[in-house]
Amino acid sequence: MSDIIYFKHEEEEKSTNQELFNQQLNIYQKVLHGNYMGHCEIYDILHNFLVNYLQKPFKMLDLGCGDACFIAQALANTNIASYTGIDLSEIALEIAQSNMAIIPCEKHFQQGDFSELTDEFLQQKEGSFNVIMASFALHHLLLPKKDVIFREIAKLLSADGIFVLIDVIRKESEERETYIERYLDDVKKRWSMLSPQEYLIVKNHISSSDFPETPQTLYELGIKHNFNRSECLYRDSLETTQLLCFYR
Ligand SMILES: C[S@@+](CC[C@H](N)C(=O)[O-])C[C@H]1O[C@@H](n2cnc3c(N)ncnc32)[C@H](O)[C@@H]1O
């Protein structure tokens, strides 16, 4: 693990939620295994993008990297020079280290909250990442915090850097409640490897912690924080998930 001070209140926050993370990680690994959130299709597109678009060695920061299972596959045979993964969950980071072992590059893993990056980190790392990823992690933040993280991402990216946002989204003009009902309806129908108890945990988690934005709101954040252009590289047929690229 890196010794750079990345986060405010690092020590206080460290131990409290690890048990909850472990339980959620076990469920999430079932979700990945069943490809219920479309990781196979999304990361296939991401892999092609990284191979074709990034012809020179690049540095990546992965916010909410989890177990890094899919990003490790997407980074195979790319020009990755350095990878930094940040996550709240220590156990996820341990698995991430082992999943990333196949990728020959410099690696850093740091436990902490990416919405609490320190000024020191922001100054030290200003302009130093070519790609910043956030995959299924930003939707836990409310809009004002998403606004802050977009500003910080823009600061941390190099002049020609890219922010890759993979996340759940609402339809334009869809209320959060309608989205949650629609999403959970799909979970109930398709996520067949979950036990009834696991379904309830997922339902409670999504109902209390998911705050997806519409694509338009995300594009507006990109414009506000001086990204030159943005594009959608993937959208699912249910209109719940997209892969968006924001270019500096
Ligand atoms: C749904 S998982 C996604 C993991 C991986 N990026 C993927 O796409 O498969 C969300 C991850 O983000 C982490 N996470 C959520 N909010 C976070 C925060 N504020 N700071 C750091 N990690 C966070 C969680 O611990 C979890 O591992």
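Residues numbered from 1 in each chain as written. Predicted model: local features only at pLDDT ≥ 70, side-chain atom pairs only at ≥ 80, totals over all residues.

### Points about the overall build of the chain
Stage number 1. Secondary structure summary: the chain contains 10 helices and 7 strands in total.
Stage number 2. For a compact globule of 248 residues, the expected C-alpha radius of gyration is about 18 Å, and the chain comes in at 17 Å, within 12% of that figure.
Stage number 3. The C-alpha extent of the chain, read off along each of the three principal axes, is 45 × 35 × 35 Å.
Stage number 4. Looking at the chain as a whole, 34% of its 248 residues qualify as buried. (Helix = DSSP H or I, 4+ residues; strand = E, 2+ residues; numbered from the N terminus. Rg over C-alpha atoms; globule rule 2.2 N^0.38 Å. Buried ≥ 20, exposed ≤ 12 C-beta atoms within 10 Å, placed from the backbone.)

### Some remarks on the sheet that holds strand β4 (residues 129–135)
Stage number 1. Spatially, β3-β2-β1-β4-β5-β7-β6 is the arrangement adopted by the 7 strands of the open sheet, whose pairing is mixed. Edge positions in the open sheet fall to β3 (106–111) and β6 (229–235), since each of these has one partner strand only. Across this sheet, the average inter-strand angle for adjacent strands is 15°, counted without regard to direction.
Stage number 2. Strand direction decides the pairing type here: strand β5 (residues 157–168) and strand β7 (residues 241–247), joined by 7 bridges, are antiparallel. If you follow Phe163 over to β7, its bridge partner there is Phe246.
Stage number 3. Each of β2 (80–87) and β3 is contacted by helix α5 (residues 90–99), which is oriented at about 170° to β3, the strand it contacts most. (Pairing = 2+ DSSP bridges. Axes fitted to C-alpha atoms, helices over the stretch in contact; angles between N-to-C directions. Contact = placed C-beta atoms within 7 Å.)

### Considerations on the site of the ligand
Stage number 1. Lining the immediate surroundings of the ligand are 18 residues, of which Gly64, Gly66, Ser135, Phe136 and Ala137 lie closest.
Stage number 2. Those elements giving two or more residues to the shell around the ligand turn out to be α2 (18–33) and β2.
Stage number 3. Class assignment for the residues of the shell around the ligand results in 10 nonpolar, 6 polar and 2 charged. (Near = placed C-beta within 6 Å. Nonpolar A, V, L, I, M, F, W, Y, C, P; charged D, E, K, R; others polar.)

### What about the nonpolar core?
Stage number 1. Ranked by size, the top nonpolar core spans 49 residues in total, and within it Ile132, Phe163 and Leu165 carry the most contacts.
Stage number 2. Counting residues per element, this core draws most heavily on β5, at 6 residues.
Stage number 3. Non-local contacts of Leu165, meaning those with residues more than four positions away in its chain, are made with Ala134, Leu138, Leu218, Leu244 and Phe246. (Core = buried A, V, L, I, M, F, W, Y, C linked by C-beta atoms within 7 Å.)

### Concerning helix α7 (residues 143–156)
Residues spaced three or four apart along an α-helix point in a common direction, a consequence of the helix completing one turn every 3.6 residues.
Stage number 1. With 14 residues, α7 extends 20 Å from end C-alpha to end C-alpha; this agrees with the ideal 20 Å at 1.5 Å per step.
Stage number 2. Three or more residues of α7 are buried, namely Lys146, Ile149, Phe150, Glu152, Ile153 and Leu156.
Stage number 3. Where α7 is buried, its residues touch β1 (58–63), α6 (119–124), β4, β5 and α10 (215–224). (Expected span 1.5 Å × (residues − 1).)

### Section: the pairing of β5
Stage number 1. Judged from the 6 bridges that link them, β4 and β5 form a sheet pairing that is parallel. Counted as the bridge partner of Met133 is Val164 from β5.
Stage number 2. Note that the unit made of β4, α7 and β5 has a crossover that is right-handed. (Right-handed = clockwise from strand over helix to strand, strands pointing away.)

### Examining the environment of Leu138
Stage number 1. Position of Leu138 relative to the elements: it lies in the loop between β4 and α7.
Stage number 2. Its 24 C-beta neighbours within 10 Å are what place Leu138 among the buried residues.
Stage number 3. C-alpha of Leu138 to C-alpha of Asp167: the two residues are 29 residues apart in sequence and 7.2 Å apart in space.
Stage number 4. Once residues within four sequence positions are removed from consideration, Leu138 is found in contact with Lys146, Ile149, Leu165 and Asp167.

### Overview of α10
Stage number 1. Within α10 the residues assigned to the buried category are Leu218, Leu221 and Gly222. For α10, the angular spread of buried residues about the axis comes to 100°, placing them on one side. Away from the buried face of α10 by more than 90 degrees, exposed residues Gln216, Ile223 and Lys224 are located.
Stage number 2. In this structure, the buried residues of α10 make contact with α7, β5, β6 and β7.
Stage number 3. With its phi angle positive at about 65°, Asn226 sits one or two positions after the end of α10. (Arc of directions from axis to C-beta.)

### Quick word on the packing of helix α8 (residues 176–190) against helix α9 (residues 196–209)
Stage number 1. Viewed as axis vectors pointing N to C, α8 and α9 meet at an angle of 160°, and their least axial separation amounts to 11 Å. Taken together, α8 and α9 sit at an angle that is classed as roughly antiparallel. As α8 runs across α9, the sense of the crossing is right-handed. Packed against α8, whose contacting residues are Ile180, Tyr183, Leu184, Val187 and Lys188, the element α9 presents Tyr199, Val202, Lys203, Ile206 and Ser207 at the interface.
Stage number 2. Looking at the contact of α8 with α9, its residues break down into 7 nonpolar, 1 polar and 2 charged. (Parallel < 35°, antiparallel > 145°, perpendicular 65-115°, else oblique. Left-handed = near helix turned anticlockwise from the far one by under 90°.)

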